[in-house]
Amino acid sequence: PLSAAGLEDALPAPAAALALAPGASLDPAVFQQQWGALPTADSWQHRTSLSVPLEQLSARFGTRHVKTMAFGTVGDASKFYFFAREAGAADTLLLCELVVTRSTGVAAATIKATAPAPVPLFSSLVRELLSS
């Protein structure tokens, strides 16, 4: 039988926290320029069962310092453009395009960044915000 100590050894170590700047701001023209220039750092699809209406998604992301640049709905698809800045000296810019298809509940994310290090944590945060 497994002891409590053995079970703890089998659990993954907690992930490093992503520190995002609470007062991050970004000019829409700079967002557009960076979005066009940066390569895709991560992309995925995720079936979501949101506990809040899509219209409240921006507010949910905002509680974790992920800001909304723009959003809108065309037909069955709602598109969101989010950004965040990593806190500290790195000042890494993180960008996300999120397309949620209402009829299927599938969210497709494309993430871009000015540095690769925080991308996995940012990607996980976006997924977490979609899942809660």
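Nothing here was measured: the structure is a model prediction, and the numbers come from that model.

S.K.: An account of the confidence of the model for the protein chain is needed here, citing residue identities and associated values.
M.R.: In the predicted model, the protein chain carries a mean pLDDT of 86, and the fraction of residues at 70 or more is 84%. Contacts for the low-pLDDT stretch residues 6–15, under 50 throughout, to residues beyond four places or in other chains number two contacts.

S.K.: Can you break down the sheet that holds strand S3 (residues 77–85) residue by residue, with the values?
M.R.: In space, the five strands of this open sheet follow the order S1-S5-S4-S3-S2, with antiparallel pairing throughout. With one partner strand each, in any of the chains shown, strand S1 (42–47) and strand S2 (67–74) form the two edges of the open sheet. Between one strand and the next, the sheet's axes are offset by a mean angle of 15°, whatever the strand orientation. Two elements, strand S4 (residues 93–101) and strand S5 (residues 106–113), share eight bridges in a ladder whose sense is antiparallel. Residue pairing across strands places valine 100 opposite alanine 107, the latter belonging to S5. Relative to S4, helix H2 (residues 28–37) is tilted by about 85°, and along the sheet it contacts S2, S3, S4 and S5. Its contacts with the sheet place helix H4 (residues 119–131) against S1, S3, S4 and S5, and it is angled at close to 20° to S1.

S.K.: Could you give an account of the packing of aromatic side chains, with specific residues and numbers?
M.R.: Under the definition given, this model contains six aromatic pairs. A centroid spacing of 4.1 Å and a plane angle of 5° characterise the contact between phenylalanine 61 and phenylalanine 82, whose relative ring orientation is stacked. With phenylalanine 61 in helix H3 (residues 57–62) and phenylalanine 82 in strand S3, this pair connects stretches of sequence that are 21 residues apart. Per residue, the accessibility class of phenylalanine 61 equals that of phenylalanine 82, and both read buried. Through pairs of rings, three or more aromatic residues link up here, namely Phe61, Phe71, Phe80 and Phe82. The residue whose ring lies beneath arginine 127 is tryptophan 44, and the NZ or CZ to ring-centre distance is 4.1 Å.

S.K.: Describe in detail the side chain of glutamine 34, supporting the description with residues and values.
M.R.: The residue glutamine 34 is located in helix H2 in this model. With residues near it in sequence (within four places) discarded, glutamine 34 still touches Leu93, Leu95 and Thr114.

Cut-off values and rules
Residues numbered from 1 in each chain as written. Predicted model: local features only at pLDDT ≥ 70, side-chain atom pairs only at ≥ 80, totals over all residues. Heavy atoms only, no water. pLDDT = per-residue confidence, 0-100. Contact = heavy atoms within 4.5 Å. Pairing = 2+ DSSP bridges. Helix = DSSP H or I, 4+ residues; strand = E, 2+ residues; numbered from the N terminus. Axes fitted to C-alpha atoms, helices over the stretch in contact; angles between N-to-C directions. Phe/Tyr/Trp six-rings, centres within 6.5 Å; stacked < 30°, edge-to-face > 60°. Buried < 20%, exposed > 50% of the residue type's maximum accessible area, 1.4 Å probe, protein only. Lys NZ or Arg CZ within 6 Å of the ring centre and 35° of its normal.

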